[in-house]
Amino acid sequence: MKQNYLKKLLIIAVPLMLSDAISQLQMIIDRVFLGRMDDLYMSAIGNVTSPMWTTMSCCYSLAMGASILISQNVGADNRKKVETYASSLIKWNSLLPILLFLFWTFFARQLFEIMGVSENVMPYCLTYTRYYTPVFLILGLECAFTNILQTSNYTKPMVYFGIIRAGTNILLDWILIFGHFGFPRLGIKGAAIATTIAEYVGFLFTLAVVLKTQHLDTMPPFRSILSAPFRPFFESVKLGTNAALEDFGWNFGNLVLIRILNTIDEKAAGIYAIVFSVEVLVVVMIGAIGRGTMTLSGEAKGSGDLKQYKSICKIAYLLSAGIAVVTLIVCALFPQQILGMFTKDTAIITGCGIYLLLVCLNLFGKSGNIIIGNSIRGSGNTIWMLGTQLFGTVLVIAAAAFLVYGIHLGIIGVFISVIVDEGTRALINLWKLRRIMRDWNKLPQTA
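Residues numbered from 1 in each chain as written. Predicted model: local features only at pLDDT ≥ 70, side-chain atom pairs only at ≥ 80, totals over all residues. Heavy atoms only, no water.

Asks: Kindly report on the overall build of the protein chain, identifying the contributing residues and their values.
Replies: On a plain count of helices and strands, the protein chain comes out with 17 helices and zero strands. What you see for the protein chain is a C-alpha radius of gyration of 21 Å, in line with the 22 Å of a compact globule of 447 residues. Buried positions account for 57% of the 447 residues belonging to the protein chain. Across the protein chain, every contact between residues at least 6 apart in sequence was considered, and the portion connecting residues at least 24 apart equals 84%. A total of about 18,400 Å² of accessible surface is found on the protein chain, and carbon and sulfur atoms cover 68% of it. Charge separation in the protein chain, taken as the distance between the mean sites of 35 positive and 24 negative side-chain charges, equals 9 Å. (Helix = DSSP H or I, 4+ residues; strand = E, 2+ residues; numbered from the N terminus. Rg over C-alpha atoms; globule rule 2.2 N^0.38 Å. Buried < 20%, exposed > 50% of the residue type's maximum accessible area, 1.4 Å probe, protein only. Contact = heavy atoms within 4.5 Å. Areas by Shrake-Rupley, 256 points an atom, 1.4 Å probe, with all protein chains shown as cover. Lys, Arg positive; Asp, Glu negative; His and termini not counted. Charge placed at Lys NZ, Arg CZ, Asp CG, Glu CD.)

This is the structure we're talking about:
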């Protein structure tokens, strides 16, 4: 039976994992190109991506509420509610992304000033932002269609989505950043343009897949989308708001860490971005397992299958921990080769090996939070994860401030504070998961 649970998890997670890993590889290559051209470009990317992802993640997290409700109703075999929540999601999910597009268009400089971006780095931040913000206009529909594929247990097209988007981005990066084929040498502006075009190409592919595929179990008819009321979307947003605030809490903490790094050195944020580029490549793989965990735990909750709920969580964490072990070994054996991809600065290459190892150790706590957190969300409880994240945000900021300003550990103090935060929250969330399973076990089981 465990083998069946593993197969169900991998059917959802592996395509998402490959798609996300390909997309993250695309971002890494983007940073490799920019970092080898100018170290200040890396600081700009470090300052831009953190707040921009904060706002983007809110969109993904709000859609998560619909994903939970759809999965639970799939498990309960309530097709009418599946159609209702899916229709409302597709129709109304673009409201917030459009508002965020306007925010980034008119208030980017003010935000970067609050973050303490230096005058040397500011023009690069504003240039990248200006040409990347159109992505928000398609973000709502992209989130909705991705949820449809995920809750239909049909994520295979996401692999092709990742390949198409990444291939387009890498090719355009090479052309526009360095000025090949007669194009001007655009540097960081070219990177932003290339990424935006690639996102639109990927979106058009996803749209074509959703419209063409006949066997998407959670894809509603077009007439249902047109007539979908706002209330079901509002219900899903209420559930997803906790997840959005949770993501905002994590990202807010990360923004403060960037602010602290900017007070150390104008290259410190760039170093942070380089090292965490390696972690993010791994985290998106673990995150894909987490998304599969949430879908299947939601189905288990809807059908009352405690055995599936327990097994999926256990198998998912073992897979994630295995990925973390492999990453730690690779980074321990080849730190200079990995860091050398992002910068030509020998001082950074030789001095950042310890940061790379600390980030790898952090993956074990982060794996726990991703897998356990998605299991808790799948049960329908999103408020708990918000509470632990708010606690973690206060913890990581306080720890970083003490280690950097109190005992003057510099950049390493920031990395240590991140490990303390993730590890502490993983233990707290594990305690909560065990409580959920214990309380569930007292109820009559339907499967």
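Next comes the rest of the write-up.
Asks: So what about the side chain of Lys-432? Which residues, and what values?
Replies: Tracing the sequence through the fold places Lys-432 in helix H17 (residues 411–441). Buried within the structure, Lys-432 lacks any salt-bridge partner; its nearest side chain of opposite charge belongs to Asp-439, at an N-O separation of 6.2 Å. Beyond its immediate sequence surroundings of up to four residues, Lys-432 is in contact with Ile-376, Asn-381 and Trp-384. (Salt bridge = Lys/Arg side-chain N within 4 Å of Asp/Glu carboxyl O.)

Asks: An account of the packing of helix H7 (residues 157–178) against helix H8 (residues 188–212) is needed here, citing residue identities and associated values.
Replies: Close contact between H7 and H8 brings their axes to 8 Å; oriented N to C, the two are set at 155 degrees. Taken together, the axis directions place H7 and H8 in an arrangement best described as roughly antiparallel. Regarding H7 and H8, the two cross each other, and that crossing is right-handed. Here the residues of the contact of H7 with H8 are counted per class, giving 16 nonpolar, six polar and three charged. (Axes fitted to C-alpha atoms, helices over the stretch in contact; angles between N-to-C directions. Parallel < 35°, antiparallel > 145°, perpendicular 65-115°, else oblique. Left-handed = near helix turned anticlockwise from the far one by under 90°. Nonpolar A, V, L, I, M, F, W, Y, C, P; charged D, E, K, R; others polar.)

Asks: Residue-level account of the state of the cysteines, with values.
Replies: Scanning all chains against the criterion turns up zero disulfides. Between Cys-143, a cysteine without a disulfide, and Cys-59, which holds the nearest cysteine sulfur, the sulfur-to-sulfur distance is 6.1 Å. Classification of Cys-143 by relative accessible area gives buried; the value is 3%. The structure places no disulfide on Cys-360, whose sulfur is separated from the nearest cysteine sulfur, that of Cys-331, by 3.4 Å. (Disulfide = S-S within 2.5 Å.)

Asks: Give a description of the packing of aromatic side chains that names residues and reports values.
Replies: Enumeration according to the criterion identifies eleven aromatic pairs in this entry. Summarising the aromatic geometry, the rings of Phe-103 and Trp-104 are spaced 5.6 Å apart at their centres and angled 80 degrees between planes, so their arrangement reads as edge-to-face. On the basis of relative accessibility, which here comes to 30%, the residue Phe-103 falls in the partly exposed class. Cluster of aromatic residues (ring-pair linked, three or more members): Trp-92, Phe-230, Phe-233 and Phe-234. (Phe/Tyr/Trp six-rings, centres within 6.5 Å; stacked < 30°, edge-to-face > 60°.)

Asks: Tell me about the confidence of the model for the protein chain, and name the residues and values.
Replies: Low pLDDT means the predicted atomic positions in that stretch should not be read closely. Of all residues in the protein chain, 97% attain a pLDDT of 70 or more, and the chain-wide mean is 85. Considering each helix and strand of the protein chain separately, the mean pLDDT is smallest for helix H14 (residues 346–351), with a value of 74, and largest for helix H16 (residues 383–406), with 92. (pLDDT = per-residue confidence, 0-100.)

Asks: Quick rundown of the nonpolar core? Include the residues and the values.
Replies: It is characteristic of soluble globular proteins that their nonpolar side chains tend to be buried jointly. Counting residues in hydrophobic clusters, the biggest one holds 125 residues, and the most contacted among them are Phe-112, Tyr-128, Tyr-272, Val-275, Ile-289 and Phe-415. Considering every element that reaches this core, the biggest residue donor is helix H11 (residues 268–303), with 17 residues. Discounting residues that sit within four places of it in the chain, Tyr-272 has contacts with Asn-254, Leu-257, Ile-258, Leu-261, Val-414, Phe-415 and Val-418. (Core = buried A, V, L, I, M, F, W, Y, C linked by side-chain atoms within 4.5 Å.)

Asks: Before we move on, could you go through the packing of helix H6 (residues 136–151) against H11 and cite the residues and values that matter?
Replies: Two elements in contact, H6 and H11, have axes separated by 10 Å at closest approach and are oriented at 65 degrees. In the packing of H6 onto H11, the handedness of the crossing is right-handed. Together, Thr-146, Gln-150 and Thr-151 of H6 and Arg-291, Met-294 and Thr-295 of H11 make up the contact between the two elements.

Asks: If you had to explain the environment of Phe-205 to someone new, which residues and values would you point to?
Replies: Within the secondary structure layout, Phe-205 lies in helix H8. Among the residues examined, Phe-205 registers a relative accessible area of 22% and is labelled partly exposed. Each C-alpha atom of the pair Phe-205 and Met-158 lies 9.6 Å from the other, and the pair is 47 residues apart in sequence.

Asks: Account for the pattern of salt bridges, naming residues and giving values.
Replies: Summed over all chains, the structure comprises eight salt bridges. A salt bridge links Glu-422 to Lys-366, with the nearest nitrogen and oxygen atoms 2.9 Å apart. Of this pair, Glu-422 sits in helix H17 while Lys-366 sits in helix H15 (residues 353–378), placing them 56 residues apart in sequence. Residues joined in a network through salt bridges with shared partners are Lys-366, Asp-421, Glu-422 and Arg-425.

Asks: An account of H16 is requested, with residue identities and associated values reported.
Replies: If you check H16, its first and last C-alpha atoms are 33 Å apart, about what 24 residues at 1.5 Å a residue would give, namely 34 Å. Three or more residues of H16 are buried, namely Met-385, Leu-386, Thr-388, Gln-389, Gly-392, Thr-393, Val-396, Ala-399, Ala-400, Leu-403 and Val-404. On its buried face, H16 is in contact with helix H10 (231–264), H15 and H17. At the exit of H16 stands His-408, carrying a positive phi of roughly 55 degrees. (Expected span 1.5 Å × (residues − 1).)

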